[in-house]
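Coordinates in review
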Amino acid sequence: MNLSERDRAVNWHPYTQMKTAEPDIPIVRGQGIYLFDETGKRYMDVVSSWWITLHGHANPYIAKRVSEQLYTLEQVIFAGFTHEPAIRLSENLLKLLPKNQEKVFYSDNGSTAVEVALKMCIQFAYNTGKKKTKILAFKNAYHGDTFGAMSVSGRSAWTQPFGEMLFEVVFIDPPTSENLNELKSIIEKHAEELACFIYEPLVQGAAGMLMHRPEDLSELMRFCRQHDILMIQDEVFTGFGRTGKLFAADYLAEQPDIMCFSKGLTGGTMPMGITTASGRIFEAFLSDDRYKTLFHGHSFTANPLACTAALASMELLLKEETVNAVETICEKHHIFSKHLMHHPKVEQVRQTGTILAWEIKNNSHTSYFNEIGKVAYREFLTRGIIMRPLGNVLYLVPPFCITPEELDVVYRNITEVLDELEVRDQ
Ligand SMILES: *Cc1c(COP(=O)(O)O)cnc(C)c1O
């Protein structure tokens with residue numbers, strides 16, 4: 001049996017209908033923006049393997065740092081004990097975040113970072129003697145797949161079987177300059193019961209890279225602040241340079257109470273989630289009453305290897321070379337987006353920093369199950385480019401080490417595939 005066959009015999013893949021799925025491609029090696037399969041075929045990974053590998057695959061600097069740490073201290077219980085990588089990482093990260101963020105809570109992935117944030121907000125209400133249990137979120141939001149994170153995500157085929165068991169959420173449209181008053185009146189109606197507002201700032205990734213303006217989000221945040229609704233800014237996707245600035249927070253005029261990070265945090269090398277909190281949140285848990293403690297933790301909380309990977313990745317991210325590379329990607333995307341906009345098979349082009357997305361014209365509505373995206377996906381794979389679509393939305397979320405020449409190769413292939421793509425009327 002080859003690797004694909006052995007895989008099929010034992011593995012159950014995420015988001016995959018195993019009855020109809022094509023065989024998975026075994027990858028044996030990664031280097032920079034490239035992945036290599038067992039036949040030696042090379043793929044450009046322009047979606048950063050689910051938006052995480054900021055500095056490309058098998059980055060030698062991160063590998064070296066993690067391997068040194070591996071021989072020094074691989075893991076230690078984080079209750080009653082601490083270690084320098086976690087202390088340094090918290091110090092370094094907090095310096096880059098909005099001023100009000102004061103404390104760092106560690107977990108393992110984006111969904112758990114969100115779970116922790118939700119528990120902080122709901123328990124904040126409990127600890128301060130308020131009865132607030134509803135949550136405000138955007139329609140089509142995506143905050144992860146665990147129960148709490150799923151509850152505050154948009155209702156879809158993904159959440160359907162669990163519908164009865166999800167929390168009570170007030171869903172609103174993302175803000176535009178036109179709908180702000182309408183959104184405010186919905187919020188006002190529920191303000192008394194709302195424990196928090198959770199949102200993906202600027203870009204709703206999994207929804208199909210839907211984007212809104214920082215001015216409009218800032219306005220909405222200001223309104224929530226006035227009504228004492230806590231804000232959870234989920235930067236799991238937007239954090240660490242994705243939007244062109246270090247964090248989406250750098251575009252916003254208001255500060256959230258809590259922030260969530262994962263994906264790019266370790267440069268895609270080790271699983272890790274972080275939830276940061278303002279002093280006000282933290283202080284509401286300080287008490288002689290043990291019921292006011294945050295009873296949450298994970299076996300791998302603040303794993304020293306993951307902390308070291310994050311420290312190394314952040315060092316690379318802050319280098320002038322990387323800052324310039326990010327800027328180049330943003331500029332080149334912008335120029336290419338003008339070209340895409342006029343392509344007869346392209347419906348809409350959206351860009352925030354290094355994220356470039358466009359919809360393939362299709363007479364049926366956008367949905368995850370849309371076929372046209374799959375056809376394009378296969379064509380790009382044949383050409384050695386990994387561009388997993390979201391329905392009929394195609395997007396580029398490249399590693400920051402991609403060169404201008406490599407980007408041009410990708411752009412050229414996109415134009416060719418779009419030219420050849422048969423857009424069926426349905
Ligand atoms: C991916 C994602 C999550 C979930 O992260 P996982 O590590 O996949 O659990 C949460 N929020 C946002 C905005 C994401 O893009």
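Residues numbered from 1 in each chain as written. Predicted model: local features only at pLDDT ≥ 70, side-chain atom pairs only at ≥ 80, totals over all residues. Heavy atoms only, no water.

**Notes on the site of the ligand**
Taken together, the residues surrounding the ligand are Trp51, Asn109, Gly110, Ser111, Tyr142, His143, Gly144, Glu200, Asp234, Val236, Phe237 and Lys263. Separating an oxygen atom of the ligand from a side-chain N or O atom of Asn109 is a distance of 3.4 Å. With respect to the ligand, the backbone of Gly110 contributes an N or O atom lying 2.8 Å from an oxygen atom. Contact with the protein chains removes 84% of the 380 Å² of surface that the ligand exposes when unbound. For the shell around the ligand, the class distribution of residues is four nonpolar, five polar and three charged. (Near = heavy atom within 4 Å. Polar contact = N/O pair within 3.5 Å; in protein donor to acceptor, adjacent residues only side chain to side chain. Areas by Shrake-Rupley, 256 points an atom, 1.4 Å probe, with all protein chains shown as cover. Nonpolar A, V, L, I, M, F, W, Y, C, P; charged D, E, K, R; others polar.)

**Overview of the pairing of strand β11 (residues 258–261)**
On a regular strand, each side chain points to the face opposite its neighbour's, so the side chains alternate between the two faces of the sheet. Side-chain alternation along β11 places Ile258 and Cys260 on one buried face and Met259 and Phe261 on a second face that is also buried. Pairing of strand β10 (residues 230–234) with β11 involves three bridges; the strand directions are parallel. The partner of Ile232 across the bridge, within β11, is Ile258. As paired elements, β11 and strand β12 (residues 273–278) share four bridges and run antiparallel to each other. What sits directly across from Met259, in β12, is Thr276. (Buried < 20%, exposed > 50% of the residue type's maximum accessible area, 1.4 Å probe, protein only. Helix = DSSP H or I, 4+ residues; strand = E, 2+ residues; numbered from the N terminus. Pairing = 2+ DSSP bridges.)

**Considering the pattern of salt bridges**
A full pass over the atoms with the stated rule returns 21 salt bridges. Its salt-bridge partner being Asp173, residue Lys139 comes within 3.5 Å of it at the nearest N-O pair. With Lys139 in the loop between β5 (134–138) and α6 (147–151) and Asp173 in the loop between β6 (169–172) and α7 (180–190), this residue pair connects regions lying 34 residues apart in the sequence. Residues Arg280 and Asp228 are paired through a salt bridge, measuring 3.0 Å at the closest nitrogen-oxygen approach. (Salt bridge = Lys/Arg side-chain N within 4 Å of Asp/Glu carboxyl O.)

**Describing the environment of Gln233**
Mapped onto the secondary structure, Gln233 falls in strand β10. Between the alpha carbons of Gln233 and Cys121 there is a distance of 12 Å; along the sequence they are 112 residues apart. Setting aside its immediate chain neighbours within four residues, Gln233 contacts Tyr199, Pro201, Met221, Ala248, Ala249, Leu252, Pro256, Ile258, Met259 and Cys260. (Contact = heavy atoms within 4.5 Å.)

**Overview of helix α11 (residues 320–341)**
Residues that lie three or four places apart on an α-helix share one face, since the helix turns once every 3.6 residues. For α11, spanning 22 residues, the distance from its first C-alpha to its last is 32 Å, which sits close to the expected 32 Å at 1.5 Å a residue. Buried within α11 are the following residues: Thr322, Val326, Ile329, Cys330, Lys332, His333, Phe336, Ser337 and Leu340. (Expected span 1.5 Å × (residues − 1).)

**Describing the environment of Val236**
Positionally, Val236 belongs in the loop between β10 and β11. Sequence-wise, Val236 and Ser156 are 80 residues apart; in three dimensions their C-alpha atoms are separated by 21 Å. When near neighbours in sequence (up to four residues on either side) are disregarded, Val236 contacts Gly110, Cys260, Phe261, Ser262, Lys263 and Gly264.

**Some remarks on the nonpolar core**
The biggest cluster of nonpolar side chains holds 53 residues, and the ones touching the most others in it are Trp358 and Ile414. Residue contributions to this core reach at least three from each of two domains, namely domain 1 (3–58 + 320–420) and domain 2 (63–317). Those residues in contact with Ile414 that lie beyond four places of it in its chain are Phe336, Leu340, Trp358, Phe380, Met387 and Leu396. Leu180, Ile187, Val203 and Met209 belong to the second-largest nonpolar core, a separate cluster that totals 37 residues. (Core = buried A, V, L, I, M, F, W, Y, C linked by side-chain atoms within 4.5 Å. Domains from an automatic or database assignment.)

**As for the packing of aromatic side chains**
Under the criterion given, the structure shown has 13 aromatic pairs. Ring geometry for Tyr15 and Trp50: centres 5.6 Å apart, planes at 85°, overall edge-to-face. Of this pair, Tyr15 sits in the loop between α1 (3–10) and β1 (27–31) while Trp50 sits in helix α2 (residues 48–51), placing them 35 residues apart in sequence. The exposure class assigned to Tyr15 is partly exposed, which follows from its relative accessible area of 37%. Taking the relative accessible area as the measure of exposure, Trp50 reaches 38% and is therefore partly exposed. Ring centres of Phe336 and Tyr411 lie 4.2 Å apart, and the angle between their planes is 15°; on these two criteria the pair is classed as stacked. (Phe/Tyr/Trp six-rings, centres within 6.5 Å; stacked < 30°, edge-to-face > 60°.)

**Overview of the sheet that holds β11**
With mixed pairing, the seven strands of this open sheet are ordered in space as β4-β12-β11-β10-β7-β5-β6. Of all the strands in the sheet, the pair left with one neighbour each is β4 (101–107) and β6. Going from strand to strand, the sheet's axes swing by 20° on average, the running direction of each strand aside. Bridge count for β5 against β6 is four bridges, and the pairing is parallel. Each bridged residue has a counterpart across the sheet, and for Leu136 the counterpart in β6 is Val170. Across the sheet, α7 is in contact with β5, β6 and β7 (194–199); its angle to β6 comes to roughly 170°. (Axes fitted to C-alpha atoms, helices over the stretch in contact; angles between N-to-C directions.)

**A word on the sheet that holds strand β15 (residues 385–386)**
Strand order in the open sheet formed by four strands is β1-β2-β3-β15, with mixed pairing between adjacent strands. Both edges of this open sheet fall to β1 and β15, since each of them pairs with a single strand only. For strand β3 (residues 42–45) and β15, the ladder comprises two bridges, and the chain directions are parallel. Bridging across to β15, Asp45 finds its partner in Ile386. Sitting on the sheet, helix α13 (residues 404–420) touches β2 (34–37), β3 and β15, and the angle it makes with β3 is about 95°.

**Things to note about the domain arrangement of the protein**
You can read the domains of the protein as domain 1 (3–58 + 320–420) and domain 2 (63–317). Placing a centre on the C-alpha atoms of domain 1 and another on those of domain 2 gives a separation of 26 Å. Each partner contributes to the interface: domain 1 provides 28 residues, whereas domain 2 provides 25 residues. Between domain 1 and domain 2, the buried area comes to about 2,200 Å², and carbon and sulfur atoms account for 68% of it. Remark: the boundary between domain 1 and domain 2 carries zero salt bridges. Between domain 1 and domain 2 we count 10 residue pairs in polar contact (both at pLDDT 80 or more) in total. Looking at the side of domain 1 that touches domain 2, the elements with two or more residues in it are α2, α11, β13 (346–352), β14 (355–360) and β16 (393–396). The element that contributes the greatest number of residues to the side of domain 1 that touches domain 2 is α11, accounting for four residues. (Buried area = accessible area lost by both parts, 1.4 Å probe.)

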